[in-house]
Amino acid sequence: MSADEVTEKEEMPRKLSPEEKRQENSRKIKRTAIATAMGIITGVISYVSIDSSQILGLQSYTILALLIMAVGVVVQKHLFMLLHLAPTPLGAKDWFFQGFMTFVFWFITWTILLTSGISA
């Protein structure tokens, strides 16, 4: 057995047991639920904090709403640590997914709330 074969065997990730897979899937579902909840919460906060009669495109209050959403993404990290949902550090792809989910639900919630006052 050569040295290359030994290092290849050591670097291969070990297989997870069915229980470990279930726990990891449960953690992923909880993280996604937190991201969607933070998106909805930040969408409502954006609607409440900014007068909807002034919304006319990209203005300073729109940037304020984006900052509110960004704070929601930062709060997620602390919630994950508090709830022990990230035993291994999350990678860039994982944080992109969490941020994207928060952004999408923030955008949808805020848009629905802004357009709910329009009558046909």
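This text gives an overview of the structure that appears in the document. (Residues numbered from 1 in each chain as written. Predicted model: local features only at pLDDT ≥ 70, side-chain atom pairs only at ≥ 80, totals over all residues. Heavy atoms only, no water.)

Examining the side chain of Ser46
Mapping Ser46 onto the fold places it in helix H2 (residues 18-49). Beyond its immediate sequence surroundings of up to four residues, Ser46 is in contact with Ala65, Ile68, Trp106 and Trp110. (Helix = DSSP H or I, 4+ residues; strand = E, 2+ residues; numbered from the N terminus. Contact = heavy atoms within 4.5 Å.)

Quick word on the packing of H2 against helix H4 (residues 92-115)
Viewed as axis vectors pointing N to C, H2 and H4 meet at an angle of 35°, and their least axial separation amounts to 7 Å. For the crossing formed where H2 meets H4, the hand is right-handed. Packed against H2, whose contacting residues are Arg31, Thr32, Ala35, Thr36, Met38, Gly39, Ile40, Thr42, Gly43, Val44, Ser46 and Tyr47, the element H4 presents Phe97, Gln98, Met101, Thr102, Phe105, Trp106, Thr109, Trp110, Leu113 and Leu114 at the interface. When grouped by side-chain class, the residues that make up the contact of H2 with H4 number 12 nonpolar, nine polar and one charged. (Axes fitted to C-alpha atoms, helices over the stretch in contact; angles between N-to-C directions. Left-handed = near helix turned anticlockwise from the far one by under 90°. Nonpolar A, V, L, I, M, F, W, Y, C, P; charged D, E, K, R; others polar.)

Let's talk about the pattern of salt bridges
Using the criterion set out here, one finds three salt bridges in the structure. For the salt bridge of Arg22 with Glu19, the shortest nitrogen-to-oxygen distance reads 2.6 Å. Of this pair, Arg22 and Glu19 both sit in helix H2, separated by three residues, roughly a single helical turn. The class of Glu19 is partly exposed, set by a relative accessible area of 39%. Between Arg27 and Glu24 there is a salt bridge whose closest N-O contact spans 2.7 Å. (Salt bridge = Lys/Arg side-chain N within 4 Å of Asp/Glu carboxyl O. Buried < 20%, exposed > 50% of the residue type's maximum accessible area, 1.4 Å probe, protein only.)

The values are spatial; any link to function lies outside them.
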